[in-house]
Amino acid sequence: MKKTLAIVASLAIAATVIIVVVVRRNHGPHHHHDSAKTGAVEAVGIDQTDTSVSMMAMLNAPEQATPCLTAYAAIEAEGAAMKLHDGKSMFKWVAPKDAFVAACEALPVAQQQCMAPRYRRDHGDDCQKNRPMPDVLAKMYVGLPIVEPNYQR
Amino acid sequence: MMKLTILVPFICAVGCTSSVDTRTPVADLSQGLNMLDTSDASWGVTAAYRENDHAVYLEQRVGAMKPQAYREEAPEEPANEIDMRFVDENGNTFFVQRGGDGYVDPTWAQEINDSLLHPAADSDRIRDFGLAQKAAGEFAKAAITNADLAPFAFHASQYAARAIPTQDPTMVAKVAKIEASRPTDTAYGNYGFGGSWWFEGDLYDKGTSCVFWYCPARHSSVALWAYQTTWQLAVIACNHGTCAGGSKMSYDCNSNSGVWRDNVTISAETNGSTSIGGGCLTSYSWDSGGYNHLCNDDSAYELWQVKNGGPGGGSLDTNGDGYNFVYTGPGTGGDGSWVNYACTCAYNNNCNNDWSRPICP
């Protein structure tokens, strides 16, 4: 009886071994997965910098009827986000809406499209190659040079 | 005894399979692409590519989630930092791309340094780079059709689009200059395998946080190449963002070792005076005036290590501990303004203007 039990048990174990090996072969080896590595552990604070807040606000501004209106809506969203964030806008100066939109609509169509932040992001190379003259851009906005906080030791 | 007889096969079935031995021997691989381990996309993938009797292995490992700002700015790239490398059939790494400051799998660092002790014959390494290009292309095609594996297609497709170093006119031109600098009395004969190395560091950058035609900051990344009698190893330091050599990145400038170096290692900032090419290990943040750094500090550190053979030398000052790296010098604006890059900005008179890329020393 004991002998029979031992044989049955051995067969059961052997079956288990085969199943485990097959499963491993089908699904690959188990990995020691450190879940901490998928956390944003290195990028402390990046999303809270003024530049990031500005960019994300502009990228997520609602689409308007035209690229130029979308561009101005993005600027308004950036201003509102900076107020909420108590940060500094990435623009030194922006033209009033009417003047901004008028200057934008005077651009060739391809350049107007690049005024919409999401289009510009998705067509960065084309937009960079098709850059208006600085004096044209200066009628719409002037970017603010980044000055880093003066940390003290 | 009977219990032990029963238990041993059971325990082995559960625990004896190696978790790292996923590189199937060449002879057991099918011709072309072999997906060796795709069981856990949150961990990474391992694949191989065989052509006739030779093969290379492609490994990718998933690192930290990128900040939301990076993900929104480059939605075509993986949401996580990903390390990717190619390993030859002898287990030596010949191309590695590091997403962040250290390797997701820390064992890679030692394996990469060991690879410098076992350079391949020139013809083998040239073949390896060619196979890697084919592997990357085939892998990208296969991965993009699978929702779980799609994030791994990006870096592979970027690699596949590169020329292999011996067919890249820029790299070929570098070789001519490097060989011209080889001391005549030690040419070839005494610079054998395991011997001296020449290092090149190529800086790439792109505008970041761009809207309209205004980019308030720049992201930079360094491609480090190790040469002996052919290009043996590439270490691409992505510095948390888009990787050097990838689309959207522009080549800026180059630094090189200027001399042939022995007994080098490739690791991060806390290593000794012979370490080359690692990035900063402090926290990563754009407010880099504190106890932290940003991508351009990484790049400055990497380039200065390429040039100086490790921390120290030139205007690279580490306060004697290999950690408090700081570089002070003219900026890239051409207006004579000075910049200050550091891994721990707060220790080094703060970082100044490091939102822009460094110059190549």
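### As for the overall build of chain A
Then step 1. From N to C terminus, chain A includes 8 helices and 2 strands.
Then step 2. Along chain A, helices (α) and strands (β) appear in the sequence α-α-α-β-α-α-α-α-α-β when read from the amino end.
Then step 3. With 153 residues in all, chain A has 25% of them scored as buried.
Then step 4. Nonlocal contacts in chain A, meaning residues at least 24 apart in sequence, comprise 65% of its contacts between residues at least 6 apart.

### Considering helix H2 (residues 50–59) of chain A
Because each turn of an α-helix spans 3.6 residues, side chains separated by three or four positions in sequence point in the same direction.
Then step 1. Burial analysis of H2(A) places 10 of its 10 residues in the buried class, which makes it a mostly covered element.
Then step 2. If you check which residues of H2(A) are buried, you get A:Asp50, A:Thr51, A:Ser52, A:Val53, A:Ser54, A:Met55, A:Met56, A:Ala57, A:Met58 and A:Leu59.
Then step 3. For H2(A), the secondary structure elements touched by its buried residues are helix H3 (67–85) and helix H6 (117–122) of chain A together with helix H2 (68–73) and strand E7 (217–227) of chain B.

### Things to note about the pairing of strand E8 (residues 231–237) of chain B
Residues and elements named next belong to chain B.
Then step 1. Where burial is concerned, most of E8 is hidden: 7 out of the 7 residues are buried.
Then step 2. Two strands pair when backbone bridges link them, and E7 and E8 are joined in this way by 6 bridges, in the antiparallel orientation. When the sheet's bridge partners are listed, valine 222 is paired in E8 with alanine 237.
Then step 3. Hairpin connection from E7 to E8: 3 residues lie between these consecutive antiparallel strands.

### Description of the nonpolar core
Then step 1. Residues B:Val56, B:Leu58, B:Ala135, B:Ala156 and B:Leu224 are the most contacted members of the largest nonpolar core, which totals 59 residues.
Then step 2. In terms of residue count, helix H4 (residues 122–143) of chain B provides more of this core than any other element does, 8 residues in total.
Then step 3. Membership of the second largest hydrophobic core comes to 31 residues, among which are A:Ile46, A:Phe91, A:Cys104 and A:Met115.

### Comments concerning the confidence of the model for chain A
Residues and elements named next belong to chain A.
Then step 1. Per-chain confidence: chain A averages 79 in pLDDT, with 65% of residues scoring 70 or above.
Then step 2. Element-level mean pLDDT values for chain A span from 55 in helix H1 (residues 2–27) up to 98 in helix H4 (residues 97–105).
Then step 3. Of the regions scoring below 50 in pLDDT, residues 20–28 engages in 10 contacts with residues more than four places distant in sequence or in other chains.
Then step 4. Counting contacts from residues 32–41, a segment whose pLDDT is below 50, to residues more than four positions away or on other chains yields 19 contacts.

### Points about unusual backbone geometry
All names here are of chain B.
Then step 1. Unlike most non-glycine residues, serine 209 shows phi in positive territory, near 60°.
Then step 2. Inspection of the secondary structure assignment puts serine 209 in the loop between strand E6 (198–208) and E7.
Then step 3. Residue classification places serine 209 among the buried residues on the basis of 27 C-beta atoms within 10 Å.

### Looking at the packing of H2(A) against H3(A)
When two helices pack together, their arrangement is captured by the angle between the axes and the distance separating the axes.
Residues and elements named next belong to chain A.
Then step 1. It is at 8 Å that the axes of H2 and H3 come closest, and there the two elements cross at 140°. One element, H2, and the other, H3, form an angle in the oblique class. Crossing of H2 against H3: the hand is right-handed. Of the residues in H3, those in contact with Asp50, Val53, Ser54, Ala57 and Met58 of H2 are Ala74, Ala77, Glu78, Ala81, Met82 and His85.

### Let's talk about the sheet that holds E8(B)
Residue and element names in this part refer to chain B.
Then step 1. Strand order in the open sheet formed by 9 strands is E1-E2-E3-E4-E5-E8-E7-E6-E9, and the pairing between neighbours is mixed. Of all strands in the sheet, those with a lone pairing partner are strand E1 (32–37) and strand E9 (250–256), marking the two edges. Each strand axis lies, on average, 20° off the axis of its neighbour in the sheet, ignoring direction.
Then step 2. In this structure, strand E5 (residues 93–98) lies alongside E8, joined through 4 bridges in parallel fashion. Bridge pairing in E8 links valine 96 to valine 235.

Conventions used here
Residues numbered from 1 in each chain as written. Chains lettered and ligands numbered in written order. Predicted model: local features only at pLDDT ≥ 70, side-chain atom pairs only at ≥ 80, totals over all residues. Helix = DSSP H or I, 4+ residues; strand = E, 2+ residues; numbered from the N terminus. Buried ≥ 20, exposed ≤ 12 C-beta atoms within 10 Å, placed from the backbone. Contact = placed C-beta atoms within 7 Å. Pairing = 2+ DSSP bridges. Core = buried A, V, L, I, M, F, W, Y, C linked by C-beta atoms within 7 Å. pLDDT = per-residue confidence, 0-100. Axes fitted to C-alpha atoms, helices over the stretch in contact; angles between N-to-C directions. Parallel < 35°, antiparallel > 145°, perpendicular 65-115°, else oblique. Left-handed = near helix turned anticlockwise from the far one by under 90°.

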